[in-house]
Amino acid sequence: LLCTGAGFSADSGLAVYADVAQVKAYKERNLLYHDLCQPDWLRREPELFWGFWGQCFNDYRDTAPHEGYRMIDQWDDRW
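Since the model is a prediction, treat every value here as computed from it, not as a measurement.

Chemist: Even after reading the chapter, I still don't get the environment of A10, so can you show me in this structure?
Modeler: In this structure, A10 sits in helix 1 (residues 6-10). Note on A10: relative accessible area 28%, which makes it partly exposed. Remark: the alpha-carbon pair of A10 and G68, spanning 58 residues in sequence, is separated by 11 Å.

Next up, the structure:
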């Protein structure tokens, strides 16, 4: 098991929790990352839920991993 912080993904250009709070649609509603992660949004406001998770999915799908991911992959080969 290997754990990293949000900064590990940020090195690839992905948003960290504080960046998400600066998205205009969320900032206007005073929503933070942990607020948006609540599954209740699917029932209350499906557009908000799917917009948030859809953007996360697209960002991760479209972002190339940085060198650190390759290094971790090599550790797996060694041990």
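Chemist: What should I look at first to understand the pattern of salt bridges in this one?
Modeler: A side chain of one charge can pair with a side chain of the opposite charge if their charged atoms are brought near each other. Taken as a whole, this structure holds six salt bridges when the rule is applied. In this structure, the salt-bridge partner of D62 is R61, at a minimum N-O distance of 3.4 Å. Like R61, D62 is exposed. Residue E67 is joined to R70 by a salt bridge in which the shortest nitrogen-to-oxygen separation is 2.1 Å. One end of the pair is E67 and the other is R70, both in helix 7 (residues 67-78) and three residues apart, which spans about a single turn. On the basis of relative accessible area, E67 is assigned to the partly exposed category, the value being 44%.

Chemist: Explanation requested: the side chain of S12 in the structure shown.
Modeler: Note on placement: S12 falls in the loop between helix 1 and helix 2 (17-20). A residue is classified by how much of its surface remains accessible, and S12, at 19% relative accessible area, is buried. Within the local environment of S12, its side chain forms a polar contact with the backbone oxygen of A64, the two atoms lying 3.4 Å apart. Excluding its chain neighbours within four sequence positions, the residues that come into contact with S12 are T63, A64, P65, H66 and Y69.

Chemist: What should I look at first to understand the packing of aromatic side chains in this one?
Modeler: How two aromatic rings sit relative to each other is set out by the distance from centre to centre and by the angle between their planes. Counting across every chain of the model gives six aromatic pairs. Note on F49 and W50: the rings are 4.9 Å apart at their centroids and 90° apart in plane angle, and the pair reads as edge-to-face. In this structure F49 comes out as buried when scored by relative accessible area, which is 13%. Aromatic pair F52 and W53: ring centres 4.8 Å apart, planes at 75°, arrangement edge-to-face. You can call F52 buried: its relative accessible area is 2%. Residue classification places W53 among the partly exposed positions, given a relative accessible area of 32%. Through pairs of rings, three or more aromatic residues link up here, namely Y17, Y26, Y33, F52 and W53. Across from the ring centre of W41, 4.1 Å away, lies the NZ or CZ of R44, which sits over that ring.

About the criteria used
Residues numbered from 1 in each chain as written. Predicted model: local features only at pLDDT ≥ 70, side-chain atom pairs only at ≥ 80, totals over all residues. Heavy atoms only, no water. Helix = DSSP H or I, 4+ residues; strand = E, 2+ residues; numbered from the N terminus. Buried < 20%, exposed > 50% of the residue type's maximum accessible area, 1.4 Å probe, protein only. Salt bridge = Lys/Arg side-chain N within 4 Å of Asp/Glu carboxyl O. Polar contact = N/O pair within 3.5 Å; in protein donor to acceptor, adjacent residues only side chain to side chain. Contact = heavy atoms within 4.5 Å. Phe/Tyr/Trp six-rings, centres within 6.5 Å; stacked < 30°, edge-to-face > 60°. Lys NZ or Arg CZ within 6 Å of the ring centre and 35° of its normal.

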